[in-house]
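Per-entry structural report
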Amino acid sequence: MKLNTISKGLLIALPMLALGACSSTSDADAEAQRQAELARQAAENAQTEAVDAIQLTDEQKLVAQYSDAILQTTIKFEFDQSVISPEYATILDAHAKFLVDHSDKSITIEGHADELGTPEYNIALGERRGLAVSTYLENMGVSSSQLSVVSYGEEKPVDYGHDAAARAENRRAVLDY
């Protein structure tokens, strides 16, 4: 593609240079130089315009529009808590903006808990975490009809370890489109 535009530029520039070399009057020389300069500029413009436009995927367009935060779908929580930490505001704001702008889209918020506590307690804790995220999104203008909450409690861990780091990874809410 670049070779094609370069050759087009040369096809314009070479005849102008030849005409400039053949002329005998000083006005003709000045005109030939002006034409040659115009041809050179046209060739440069053709080269810069020849750069192919980058085709963005739908996901890349979303990132460009809503920031990188739209790609993050996990909100983590402290032990036995369902309060959203301020560090997740940017992520939730990006998702809220997307959902407000695309009212035909819906989201399921999955609440999760670590392995500590009874299964019943963890189901309730996962529900509170999912509802906390849902309430945040509703407060940002998302319609409640676009949101659903499900709690998995401790049933779907992301990390099967039994140490503090694994349990911290499992205390979360996941946004699923």
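Residues numbered from 1 in each chain as written. Predicted model: local features only at pLDDT ≥ 70, side-chain atom pairs only at ≥ 80, totals over all residues. Heavy atoms only, no water.

Within an unreviewed UniProt entry, the label attached to the protein chain reads Peptidoglycan-associated lipoprotein, and the organism entered is Psychromonas aquatilis. In its Subunit (unreviewed entry) section, the UniProt record describing the protein chain reads: "The Tol-Pal system is composed of five core proteins: the inner membrane proteins TolA, TolQ and TolR, the periplasmic protein TolB and the outer membrane protein Pal. They form a network linking the inner and outer membranes and the peptidoglycan layer." Its UniProt record gives the protein chain the following Function (unreviewed entry) comment, quoted word for word: "Part of the Tol-Pal system, which plays a role in outer membrane invagination during cell division and is important for maintaining outer membrane integrity." (UniProt positions renumbered as here; feature names shortened; annotations may be inferred.)

1. Observations regarding the packing of aromatic side chains
Counting across every chain of the model gives 1 aromatic pair. Ring plane angle 85° and centroid distance 5.5 Å describe the contact between phenylalanine 98 and tyrosine 177, whose orientation is recorded as edge-to-face. Pair noted here: phenylalanine 98 is in helix α4 (residues 89-101) and tyrosine 177 is in the segment after β4 (172-176), with a separation of 79 residues, a long-range link. The lysine or arginine in question, lysine 156, covers the ring of tyrosine 152, its NZ or CZ lying 4.1 Å from the ring centre. (Phe/Tyr/Trp six-rings, centres within 6.5 Å; stacked < 30°, edge-to-face > 60°. Helix = DSSP H or I, 4+ residues; strand = E, 2+ residues; numbered from the N terminus. Lys NZ or Arg CZ within 6 Å of the ring centre and 35° of its normal.)

2. Regarding the sheet that holds strand β3 (residues 147-153)
Either a parallel or an antiparallel arrangement is found when strands of a sheet pair, and the pairing is made through backbone hydrogen bonds. Taken together, 4 strands build an open sheet; the order of strands is β1-β4-β2-β3 and the sheet is mixed. Edge positions in the open sheet fall to β1 (74-76) and β3, since each of these has one partner strand only. In this sheet, neighbouring strand axes are inclined to one another by 20° on average, regardless of whether the strands run parallel or antiparallel. Here helix α5 (residues 119-139) sits on the sheet and contacts β1, β2 (107-112), β3 and β4; the angle it forms with β3, its principal contact strand, is near 155°. (Pairing = 2+ DSSP bridges. Axes fitted to C-alpha atoms, helices over the stretch in contact; angles between N-to-C directions. Contact = heavy atoms within 4.5 Å.)

3. With respect to the pattern of salt bridges
Applying the stated rule across the entire model yields 4 salt bridges. Taking the shortest distance from any N to any O, the salt bridge between lysine 97 and aspartate 101 comes out at 3.1 Å. Taken together, the positions of lysine 97 and aspartate 101, both in helix α4 and 4 residues apart, correspond to about one turn of that helix. When its relative accessible area of 40% is taken as the criterion, aspartate 101 is described as partly exposed. With a closest N to O distance of 3.0 Å, aspartate 114 and arginine 171 form a salt bridge. You can see aspartate 114 sitting in the loop between β2 and α5 and its partner arginine 171 sitting in the loop between α6 (164-170) and β4, a full 57 residues away along the chain. Residue classification places arginine 171 among the buried positions, given a relative accessible area of 12%. (Salt bridge = Lys/Arg side-chain N within 4 Å of Asp/Glu carboxyl O. Buried < 20%, exposed > 50% of the residue type's maximum accessible area, 1.4 Å probe, protein only.)

4. Observations regarding the pairing of β3
Taken together, the 6 bridges between β2 and β3 define a ladder with parallel strand orientation. Opposite glutamate 110, over in β3, you have valine 150 as the bridge partner. Considered for its hand, the β-α-β crossover made up of β2, α5 and β3 is right-handed. (Right-handed = clockwise from strand over helix to strand, strands pointing away.)

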